[in-house]
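Architecture and fold: a report
Okay, here's what each chain looks like letter by letter:
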Amino acid sequence: MKLINQKKRLYKGESEFDLNPIKIVKGKDLNYLIKKAQKTKRKRYRFCLHEDTKHLTQEMIICLNGFTYIRPHRHLKKRSESYHMIKGSMDVYLFKNNGKILDVIRLDANRNKKNSIFFYKLSKSIFHTIYPRSKKTIYHEVLTGPFNEKNLIFANFAPENGCSKKEAMNFFKSIKK
């Protein structure tokens, strides 16, 4: 990520926080993001454009390298979450509290397709997750902060984060029936 000022960054697991007041992301930065995601256990990596988890706006450029599982969850209180596709495609699953599918929204960075949806926003506390459909999926996520995992409710109808890939894939196969 080319920064106007000094390169002030904080590295934390699968995340890289940009601490500078002005941020720009170039095409070559996306290649860097892909390489970083390839090296992580969960095959994902993010540029955090907010300075810390206490910030009122959590803004990230996220790369998913192939399939990665994120347990369906919902946010407590009034929060918004949006995705703007940069590369690849993914499905956003929305669920009822009992695990029945409300909707599946296909997001795609290919804006040449007439009916392609490249932006999505959720402003309601309902269970949701994503399913990457590309070998390389990159999107811009904006979430109302501050971030605290205590403000998440994880779906009891889905496997836990950290489950095996087989268990996660079986979950998606079972809900598609």
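Shown above is the structure to which this text applies.
Being a predicted model, the structure only gives us computed values, none of them experimental.

**A word on the pattern of salt bridges**
Scanning the entire structure with this criterion turns up four salt bridges. Two residues, R133 and D91, come together in a salt bridge whose shortest N-O distance is 3.2 Å. Of this pair, R133 sits in the loop between strand 10 (127-132) and strand 11 (136-144) while D91 sits in strand 7 (residues 89-95), and the two are 42 residues apart along the sequence. Of the residues examined, R133 reaches a relative accessible area of 38% and is grouped as partly exposed.

**Things to note about the pairing of strand 6 (residues 81-87)**
By the bridge criterion, four bridges tie strand 6 to strand 9 (residues 119-122) in an arrangement that is antiparallel. Bridging from a neighbouring strand, E81 pairs with L122 of strand 9. Of the pairings in the sheet, the one linking strand 6 to strand 11 comprises six bridges and is antiparallel in character. Paired with M85 across the two strands is Y139, which belongs to strand 11.

**What to know about the packing of aromatic side chains**
All chains considered together, the criterion is met by 14 aromatic pairs. Residues F95 and F157 carry aromatic rings whose centres are separated by 5.1 Å and whose planes lie at 55° to one another, so their mutual orientation is tilted. Remark: F157 occurs in the loop between strand 12 (152-154) and helix 2 (165-175) and F95 occurs in strand 7; sequence separation between them is 62 residues. The exposure class assigned to F95 is buried, which follows from its relative accessible area of 1%. The exposure class assigned to F157 is partly exposed, which follows from its relative accessible area of 22%. Here the aromatic rings of F127 and F157 are separated by 5.5 Å at their centres, their planes lie at 85°, and the arrangement is edge-to-face.

Basis of the calculations
- Each chain carries its own residue numbering, running from 1 in the written order of its sequence.
- In keeping with the predicted nature of the model, local features appear solely for residues at pLDDT of at least 70, side-chain atom pairs appear and are counted solely at 80 or more, and the whole-chain, interface and lining totals rest on all residues.
- Computation of side-chain values: all heavy atoms of the structure, hydrogens and water removed.
- Think of a salt bridge as a Lys or Arg side-chain nitrogen and an Asp or Glu carboxyl oxygen that are within 4 Å of each other.
- A run of H or I in DSSP counts as a helix once it spans at least four residues, and a run of E counts as a strand once it spans at least two, with each numbered from the N terminus.
- Using a 1.4 Å probe on the protein chains alone, a residue whose accessible area is under 20% of its type maximum counts as buried, one over 50% counts as exposed, and one in between counts as partly exposed.
- Here, any two strands with at least 2 DSSP bridges between them count as paired.
- Two rings from Phe, Tyr or Trp (for Trp, the six-membered ring) form a pair when their centres are within 6.5 Å of each other. A pair whose planes differ by under 30 degrees is stacked, one over 60 is edge-to-face, and the rest are tilted.

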